[in-house]
Amino acid sequence: MSRVILQTHDLTVRFGGHVAVDHVSCGFKTGELTAIVGPNGAGKTTYFNLISGQIPSSEGRVDLNGRDITRMSVSQRCDMGIGRAFQLTNLFPNLSVLENVRLVIQAKAKMGFNLFSMADSHAEITDRAVAVLDKVKLYDLCEEPVSVLSHGNQRKLEVAMLIALEPLVYMFDEPTAGMSVDEAPVVLDLIAELKAEKDRTILLVEHKMDVIRTLADRIIVLHNGALAADGDPAEVMASDVVQEAYMGKELDNV
Ligand SMILES: Nc1ncnc2c1ncn2[C@@H]1O[C@H](COP(=O)(O)OP(=O)(O)OP(=O)(O)O)[C@@H](O)[C@H]1O
């Protein structure tokens, strides 16, 4: 039985007088991929930031696996199982592809971040990193510095690092943004594979309707920071609230 692993309760943030996320109460279950949609400025990324801890909430609570994580730092939340892809900001461009993944595995194993302290006896870390790179089809580039990779391959590496982290909750904010039509399917296939494993909770902020149709088990709609709809993708997309929320400004590719 799937259960709610992540829950926001009345989660709210105000910037001055502007309520960017407005009392959003929502639970996310294990094995479910939820697409978060809404017009530009609706509060999707800010909601992500509140869950992953990038910004503090003004009101409300975030629970993960039954624990209140509202006041935890980003790294504490990461340790607790919140895994977010950060649009390349968490890559080390001068290190190799393999070293980037090894660092994540090393950190997860609580062995510290000093690469040079790693002895060959830590071959199991390398083996695990190689397995993850194989999965995302980046193994051939494992010795390359990240800085020479294409944008698409850097985004793939970011997904690889998230997979290496083995979080309870995967958070993707427009994972194929800036990718070519050739590059995007690889990342979408990876997300589909994660979903197929049925024991992951996946949150996806996405504008592309074809991606949502393919991947989402459920859609929530944010509008002016508030939860405007929540449910089965086909029903939500056909609902009046969504049609009105977009007011003629259609989701991409509709
Ligand atoms: N740090 C901040 N300070 C002030 N206002 C902010 C801040 N972060 C976000 N906002 C405002 O909060 C609102 C929600 O922004 P957010 O980026 O979450 O929307 P979004 O739904 O992700 O939009 P998009 O689809 O364009 O990425 C916007 O009006 C934005 O200008």
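Positions within a chain are numbered from 1, following the residues in the order the chain's sequence is written. Restriction of local features to residues with pLDDT of at least 70 applies here, the model being predicted, together with a cutoff of 80 or more for giving and counting side-chain atom pairs; totals for whole chains, interfaces and linings are based on all residues.

What follows is about unusual backbone geometry. Residues apart from glycine generally show negative phi values, whereas peptide bonds are mostly found in trans. A positive phi angle is found at N65, which is not glycine, with a value near 55 degrees. Each helix is a run of DSSP H or I of at least 4 residues and each strand a run of E of at least 2, with the numbering of both proceeding from the N terminus. Mapped onto the elements of the fold, N65 is located in the loop between β4 (59-64) and β5 (67-68).

This next bit is on the domain arrangement of the protein. Partitioning the protein into domains gives domain 1 (1-81 + 167-254) and domain 2 (87-166). Broken down by secondary-structure element, the contributors of at least two residues to the side of domain 1 that touches domain 2 are β7 (169-173) and α6 (184-196). Considering every element that reaches the side of domain 1 that touches domain 2, the biggest residue donor is α6, with three residues. Think of it as three bins: nonpolar holds Ala, Val, Leu, Ile, Met, Phe, Trp, Tyr, Cys and Pro, charged holds Asp, Glu, Lys and Arg, and polar takes everything else, Gly as well. In the side of domain 1 that touches domain 2, the residues fall into seven nonpolar, two polar and two charged. For the purposes of this description, domain bounds are those given by an automatic or database domain assignment.

Right, let's get into the pairing of β4. In this analysis, strands are considered paired if DSSP registers two or more bridges between them. Bridge count for strand β1 (residues 4-15) against β4 is five bridges, and the pairing is antiparallel. For H9, the partnering residue across the bridge sits in β4 and is R61. The pairing of β4 with β5 spans two bridges and is classified as antiparallel. For D63, the partnering residue across the bridge sits in β5 and is D68. Counting the residues between successive antiparallel strands, the hairpin from β4 to β5 contains two residues, one of them, N65, with a positive phi of roughly 55 degrees.

Moving on: helix α3 (residues 97-108). Multiplying one less than the number of residues by 1.5 Å gives the expected span of a helix. Taking 1.5 Å per residue, twelve residues should reach 16 Å; α3 reaches 17 Å between its end C-alpha atoms and fits that length. Three exposure classes are used, based on other C-beta atoms lying within 10 Å of a residue's own C-beta, which is placed from the backbone: buried for 20 or more, exposed for 12 or fewer, and partly exposed in between. Listing the buried residues of α3 in full gives V97, N100, V101, R102, L103, V104, I105 and Q106.

What follows is about the site of the ligand. The rule is simple: place the C-beta atom from the backbone, and if it lies within 6 Å of a molecule or strand, the residue is near it. Around the ligand lies a shell formed by F15, A20, G38, N40, G41, A42, G43, K44, T45 and T46. Considering every element that reaches the shell around the ligand, the biggest residue donor is helix α1 (residues 44-52), with three residues. Here the residues of the shell around the ligand are counted per class, giving three nonpolar, six polar and one charged.

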